[in-house]
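Structural overview
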Amino acid sequence: MVLDVDFIRFFKALQKGVGNIAYHVVNEVEEVRYVAAVDAAYSKNGRIASASLVYDVNEDRIVEERSYITSVSIPYVPGLLFLREGPYMLKTVELLHHRWDLLLVDAHGRAHPRRAGMATFLGICVGKPTLGIAKRLLTGRVAKPDMRVSEIIENGDRIGYSFIDTHGRRFYVSQGFGVSYEAIPDIIKKLGGYPRALTLVDKMSKRLIREKVQ
DNA sequence: GCGACAG
DNA sequence: ATCTTGTCGC
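Everything numeric here is computed off the predicted structure, so don't read it as measured data. Position numbers for residues start from 1 in each chain and track the written sequence from start to end. Each chain takes a letter, starting from A, and each ligand takes a number, starting from 1, following the order in which they are written. Whole-chain, interface and lining totals are the exception, using all residues; otherwise, since this is a predicted model, local features are given only for residues with pLDDT of at least 70 and side-chain atom pairs are given and counted only at 80 or more. Processing note: side-chain calculations cover all non-hydrogen atoms of the structure and skip hydrogens and water entirely.

Okay, helix 2 (residues 81-94) next. Along its 14 residues, helix 2 runs 19 Å from first to last C-alpha, staying within 8% of the 20 Å computed at 1.5 Å per residue. Here the bend at each residue means the angle between axes fitted to two seven-residue stretches, the one ending at that residue and the one beginning there. A run of H or I in DSSP becomes a helix once it reaches four residues, and a run of E becomes a strand once it reaches two; helices and strands are each numbered from the N terminus. If you look at helix 2, its biggest bend is around 30°, right at P87. The classification of residues rests on relative accessible area computed with a 1.4 Å probe and restricted to protein chains. Under 20% of the type maximum is buried, over 50% is exposed, and intermediate values are partly exposed. Where burial is concerned, most of helix 2 is hidden: ten out of the 14 residues are buried. Listed as buried for helix 2 are F82, L83, R84, E85, G86, Y88, M89, L90, T92 and V93. By the convention used here, residues are in contact when the closest approach between their heavy atoms is within 4.5 Å. Those residues of helix 2 that are buried lie in contact with helix 1 (5-21), strand 1 (34-42), strand 2 (47-56), strand 3 (61-71), strand 4 (102-105) and helix 3 (118-126). Multiply 1.5 Å by the residue count of a helix minus one, and that product is the helix's expected span.

Moving on to the protein's contact with DNA strand B. In this text, near means that some heavy atom of the residue lies within 4 Å of the molecule or strand in question. Not every one of the 18 residues close to DNA strand B is listed here, only the nearest: Y76, G79, H108, K135 and R136. The sugar-phosphate share of atoms of DNA strand B within 4 Å of the protein amounts to 47%. Between DNA strand B and G79, the relevant distance is 2.9 Å, taken from a base nitrogen to a main-chain nitrogen or oxygen of the residue. Classification convention: Asp, Glu, Lys, Arg as charged; Ala, Val, Leu, Ile, Met, Phe, Trp, Tyr, Cys, Pro as nonpolar; all other residues, Gly among them, as polar. Considering only residue class, the surface near DNA strand B consists of nine nonpolar, four polar and five charged. In protein, a polar contact requires one atom able to donate a hydrogen and another able to accept it; more generally it is a pair of N or O atoms within 3.5 Å, and residues adjacent in sequence count only if both atoms are side-chain atoms.

With that settled, consider the protein's contact with DNA strand C. Neighbouring residues of DNA strand C: A41, Y42 and K206. Within 4 Å of the protein, the contacting atoms of DNA strand C are 100% sugar and phosphate, with bases supplying the remainder. Measuring from a phosphate oxygen of DNA strand C, one finds a backbone N or O atom of Y42 at 3.4 Å. Contact distances for DNA strand C include 3.5 Å between a phosphate oxygen and a side-chain N or O atom of K206.

Core analysis: the largest hydrophobic core is formed by 33 residues, its most contacted members being L102, L104, L131, I133, V173 and I187. Among the elements of the structure, strand 1, strand 2, strand 4, strand 5 (130-134), strand 8 (157-164), strand 9 (170-177), helix 4 (184-191) and helix 5 (196-213) are those that each provide at least two residues to this core. For this core, the element with the highest residue contribution is helix 5, accounting for seven residues. When residues no more than four places from it in sequence are discounted, the contact partners of I187 are V29, V32, L102, L131 and V179. Nonpolar cores are built from buried Ala, Val, Leu, Ile, Met, Phe, Trp, Tyr and Cys residues. Side-chain atoms within 4.5 Å join them into one set.

Attention now goes to the pattern of salt bridges. By salt bridge we mean one thing: a side-chain nitrogen of Lys or Arg within 4 Å of a carboxyl oxygen of Asp or Glu. With the rule as written, the count across this model stands at eleven salt bridges. Among the ionic pairs, D106 bridges to K135, the shortest N-O distance being 2.8 Å. Remark: K135 occurs in the loop between strand 5 and strand 6 (141-142) and D106 occurs in the loop between strand 4 and helix 3; sequence separation between them is 29 residues. Given the relative accessible area of 47%, K135 is considered partly exposed.

One non-glycine residue, R115, adopts positive backbone phi at about 60°. Relative to the helices and strands, R115 is located in the loop between strand 4 and helix 3. Not every positive phi belongs to a glycine, and N155 is a case in point at roughly 50°.

One way to put it is that helix 1 packs onto helix 3 with a least axis distance of 11 Å and a crossing angle of 70°. In terms of their interaxial angle, helix 1 and helix 3 are classed as roughly perpendicular. Residues L14, Q15 and V18 of helix 1 form the contact with helix 3, whose participating residues are T120, F121 and I124. For the contact of helix 1 with helix 3, the residue count by class is four nonpolar, two polar and no charged. Structural elements are reduced to axes, namely lines fitted to C-alpha atoms, with helices fitted over the stretch in contact, and the angle between N-to-C directions of any two is expressed from 0 to 180 degrees. What sets the label is the angle itself: under 35 degrees gives roughly parallel, over 145 gives roughly antiparallel, 65 to 115 gives roughly perpendicular, and the rest give oblique.

Everything listed here is a matter of coordinates, which is why it stays silent on function.
Here it is as structure tokens:
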């Protein structure tokens, strides 16, 4: 499928609208014990493997894993990742049966040019708390690059946080849905840096491509 | 106009 | 995201 200029304009307008209201609604996430994570990997022959899991932070173990493999039909357009991966990520998240408190998404949430990244849309779709956790910045600038914890600012908006974990690797966290800006540092602290649930779900999606699709 | 650009 | 060899560091 192609994304012509009218579709791109429409979806960008939709993002702007969602970004304007998404963070006014905050049913603050309570307990953070069962953490869900979702990611996707691709094969060269146009297939996508989306994986999800529920991780028990207290017991340090996976309690459920789900996956979904299909063909990708929408191209990647910077800023419109949710169109390409959203449908499949939503699918695998909906396959989870176990209770979960917070969903971690391998993408941005509020730290987006129009303040509505993939994590924002997934949160609105499932109506539960989500956080966007990315390895690279899409927009904005890190206020204090040398600090282990710093805000990400753009045009005076505090759109997320930059963290440097104990291994020196940087990652970016922003609100998806149902989580206040202020709660982010404590949640990352509780998760002990870059969430193991995300590392595990990343490996899982890549393994699916390797073993089931090639 | 030029560069940047989650995954 | 994916395509890839050697290479830096613990």
